[in-house]
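Per-entry structural report
Spelled out from the first residue to the last, the chains are:
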Amino acid sequence: MPVVRTLSKVAKQALIGTPGCGCQPLTVAVRSISFSPRQVTSDASFHSVSFSETDHPKVLITGGLGQLGVGLAKLLRMRFGKNNVILSDIRKPPNNVFHSGPFIYSDILDYKNLREIVVNNRITWLVHYSALLSAVGEANVALARSVNITGLHNILDIAAEHGLRLFVPSTIGAFGPTSPRNPTPDLCVQRPRTIYGVSKVHAELMGEYYHHRYGLDFRCLRYPGIISADSTPGGGTTDYAVQIFHDAIKTGKFECNLRPDTRLPMMYIDDCLRATLEVMEAPADTLSMRTYNINAMSFTPEELTQELQKQMPELEVTYEIDPVRQVIADSWPMNFDDSNARKDWGWKHDYDLPELVQTMLNYFREETRMARVN
């Protein structure tokens with residue numbers, strides 16, 4: 001710590017004055033240099049901040065303007081109060097998001113800015129949603145590596161330094177072609193072949209290392225493909241299952257970029273957000289592991305089309321296979337084994353395929369009706 005010793009020496013000299021100069025001692029504001037996990041000693045240990053049952057956590061959500069952040073903020077604000085949940089992103093929020101509750105600018109690659117946000121707002125829970133998804137990541141590997149890996153390191157260090165409960169989502173993309181695919185258990189071979197998948201395996205292992213090494217309260221769920229009505233597809237391989245609803249309502253036609261028999265695990269967003277809250281609230285002693293699979297349903301583009309056509313028989317679906325997305329999908333699980341989540345903390349999904357389709361169509365039909373009225 002030569003820098004700290006040098007600063008201390010200079011400060012001390014300034015405080016006592018220079019001999020023989022006849023000057024009065026100066027009053028110097030010395031900023032204390034607090035601990036950072038980037039300077040970890042061999043016997044360091046961290047423990048999460050505890051709060052009583054009547055206290056609410058103070059939550060920061062990074063990457064808050066993505067598919068999941070706004071919805072999770074709404075759920076958590078209903079549970080913990082509007083001002084106890086802060087959304088953050090590097091983009092300008094739409095008016096409805098900005099006025100729905102606290103929002104701040106936060107760049108996960110800016111370590112100092114993140115620390116200030118956590119300290120100034122007394123954050124106790126951190127939900128880290130900032131990431132580049134699978135197809136987008138393959139188009140810009142350097143940026144994906146920076147956001148998904150370097151950004152994660154900043155989050156881990158800050159969470160450990162300030163005793164936060166940290167949630168980092170993982171994905172079906174954390175598995176690869178050598179993983180068992182039907183079903184895929186929590187613990188098995190993971191050799192993904194996308195930068196997105198590699199970065200998520202890295203996140204799982206680093207989070208579990210910080211938990212075992214420093215006591216960081218790290219929690220992680222491997223999400224299947226997430227389907228939601230109120231967000232636009234964000235460049236993921238499973239996004240066809242969202243885009244098909246947009247196109248079905250608008251044009252009655254849809255061009256799918258995956259083969260009709262491509263089976264992948266899926267989940268409606270309400271189940272996903274509820275699972276996230278439930279695992280964050282689960283008592284630590286009920287968690288037999290720190291990274292869990294969660295699942296709700298598993299279907300192919302053809303099966304989704306057939307379910308949609310029960311209510312929209314005029315829907316036309318064609319297939320123009322995207323080779324990049326298809327290779328990615330063929331390396332992912334066909335079905336998740338989430339028995340540990342169901343056993344340990346009582347996970348149970350609400351939406352199967354028929355309920356999913358009905359809910360999505362109801363949303364888009366109401367949206368279309370309101371647009372016509374307006």
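A brief structural summary. Since we're looking at a predicted model, the values are computed, not measured. (Residues numbered from 1 in each chain as written. Predicted model: local features only at pLDDT ≥ 70, side-chain atom pairs only at ≥ 80, totals over all residues. Heavy atoms only, no water.)

Our focus in this paragraph is helix H8 (residues 240–250). For an α-helix, the turn length of 3.6 residues means that residues three or four places apart are oriented alike. Buried residues of H8: Tyr240, Ala241, Val242, Ile244, Phe245, His246 and Ala248, and no others. Trailing H8 by a residue or two, Gly252 shows a phi angle of about 75°, which is positive. (Buried < 20%, exposed > 50% of the residue type's maximum accessible area, 1.4 Å probe, protein only. Helix = DSSP H or I, 4+ residues; strand = E, 2+ residues; numbered from the N terminus.)

Here we come to the nonpolar core. Formed by 70 residues in total, the largest nonpolar core has its most connected members in Ile61, Phe299 and Trp345. If one sorts the elements of this core by residue count, helix H9 (residues 269–281) sits on top with seven residues. Leave out the neighbours within four places in its chain, and Trp345 touches Leu221, Ala275, Glu278, Val279, Ala282, Leu287, Tyr292 and Ile294. Leu114, Val118, Val147 and Ala160 belong to the second largest nonpolar core, which has 28 residues in total. (Core = buried A, V, L, I, M, F, W, Y, C linked by side-chain atoms within 4.5 Å. Contact = heavy atoms within 4.5 Å.)

Before going further, it helps to spend a moment on the packing of H8 against helix H13 (residues 353–373). Contact geometry of H8 with H13 gives a least axis separation of 10 Å together with a crossing angle of 45°. By the angle between their directions, the pair H8 and H13 is classed as oblique. The interaxial crossing formed by H8 with H13 has right-handed handedness. Only Val357, Met360, Leu361, Phe364, Arg365 and Thr368 of H13 make contact with H8, whose side of the interface consists of Phe245, His246 and Ile249. Residues of the contact of H8 with H13, tallied by class, amount to six nonpolar, two polar and one charged. (Axes fitted to C-alpha atoms, helices over the stretch in contact; angles between N-to-C directions. Parallel < 35°, antiparallel > 145°, perpendicular 65-115°, else oblique. Left-handed = near helix turned anticlockwise from the far one by under 90°. Nonpolar A, V, L, I, M, F, W, Y, C, P; charged D, E, K, R; others polar.)

A few words now on the packing of helix H4 (residues 111–120) against helix H6 (residues 141–161). Running from N to C, H4 and H6 point in directions that differ by 35°, and their axes come no closer than 10 Å. The two elements H4 and H6 meet at a crossing, and its hand is right-handed. Two secondary-structure elements touch here, H4 through Tyr111, Leu114, Arg115 and Val118 and H6 through Asn154, Ile155, Asp157, Ile158 and Glu161. When its residues are assigned to classes, the contact of H4 with H6 shows five nonpolar, one polar and three charged.

Let's shift gears to the pairing of strand E10 (residues 264–268). Most of E10 is tucked away: five of the five residues are buried. Neither face of E10 is open: one carries Leu264, Met266 and Tyr268, the other Pro265 and Met267, and all of them are buried. Both E10 and strand E12 (residues 297–299) contribute to a ladder of three bridges, which runs antiparallel. The residue of E12 that forms the bridge with Met266 is Met297. (Pairing = 2+ DSSP bridges.)

This part takes up the pattern of salt bridges. In a structure, side chains of opposite charge can pair up when their charged atoms sit close to one another. Within the structure shown, the criterion is met by 19 salt bridges. Asp217 is the partner of Arg290 in a salt bridge, and the nearest nitrogen-oxygen pair spans 2.6 Å. With Arg290 in the loop between H9 and strand E11 (291–293) and Asp217 in strand E7 (residues 217–223), the pair connects residues that are 73 residues apart, well separated along the chain. By relative accessible area, Arg290 is classed as buried at 10%. Residue Asp217 is classed as buried on the basis of its relative accessible area, which comes to 8%. The residue Asp261 makes a salt bridge to Arg259 at a minimum N-O spacing of 3.1 Å. Judged by its relative accessible area of 31%, Arg259 is partly exposed. A single network of salt bridges, built from pairs that share partners, joins Arg165, Asp217, Arg219 and Arg290. (Salt bridge = Lys/Arg side-chain N within 4 Å of Asp/Glu carboxyl O.)

Looking now at the packing of aromatic side chains. Taken as a whole and judged by the stated rule, the model has eleven aromatic pairs. Here Tyr210 and Tyr214 contribute two aromatic rings whose centre-to-centre distance is 5.2 Å and whose plane-to-plane angle is 75°, an arrangement assigned as edge-to-face. Highlighted residues: Tyr210 and Tyr214, both in helix H7 (residues 195–214), separated by four residues, approximately one helical turn. You can call Tyr210 buried: its relative accessible area is 9%. Classification of Tyr214 by relative accessible area gives buried; the value is 8%. (Phe/Tyr/Trp six-rings, centres within 6.5 Å; stacked < 30°, edge-to-face > 60°.)

Glancing now at H7. Between its terminal C-alpha atoms H7 stretches 27 Å, which fits the 28 Å expected from 20 residues at 1.5 Å a residue. Where H7 is concerned, the buried positions are Ile195, Tyr196, Gly197, Ser199, Lys200, Val201, Ala203, Glu204, Gly207, Tyr210 and Tyr214. Looking at the buried positions of H7, the neighbouring elements they touch are helix H5 (134–139), H6, strand E6 (170–171), E7 and E11. Downstream of H7 by one or two residues, Gly215 has phi in the positive range, about 80°. (Expected span 1.5 Å × (residues − 1).)

Pairing in this open sheet of three strands is mixed, and the strands run E8-E10-E12 from one edge to the other. Sheet topology places strand E8 (225–227) and E12 at the edges, where each strand pairs with a single neighbour. In this sheet, neighbouring strand axes are inclined to one another by 45° on average, regardless of whether the strands run parallel or antiparallel. In this sheet, E10 lies alongside E8 in parallel orientation, the contact comprising three bridges. From the neighbouring strand, Ile227 faces E10, where its bridge partner is Tyr268. Relative to E10, H9 is tilted by about 80°, and along the sheet it contacts E8 and E10. Lying over the sheet, H13 contacts E8, E10 and E12, oriented at roughly 80° with respect to E12.

Scope: geometric values only; no functional claims are made or implied.
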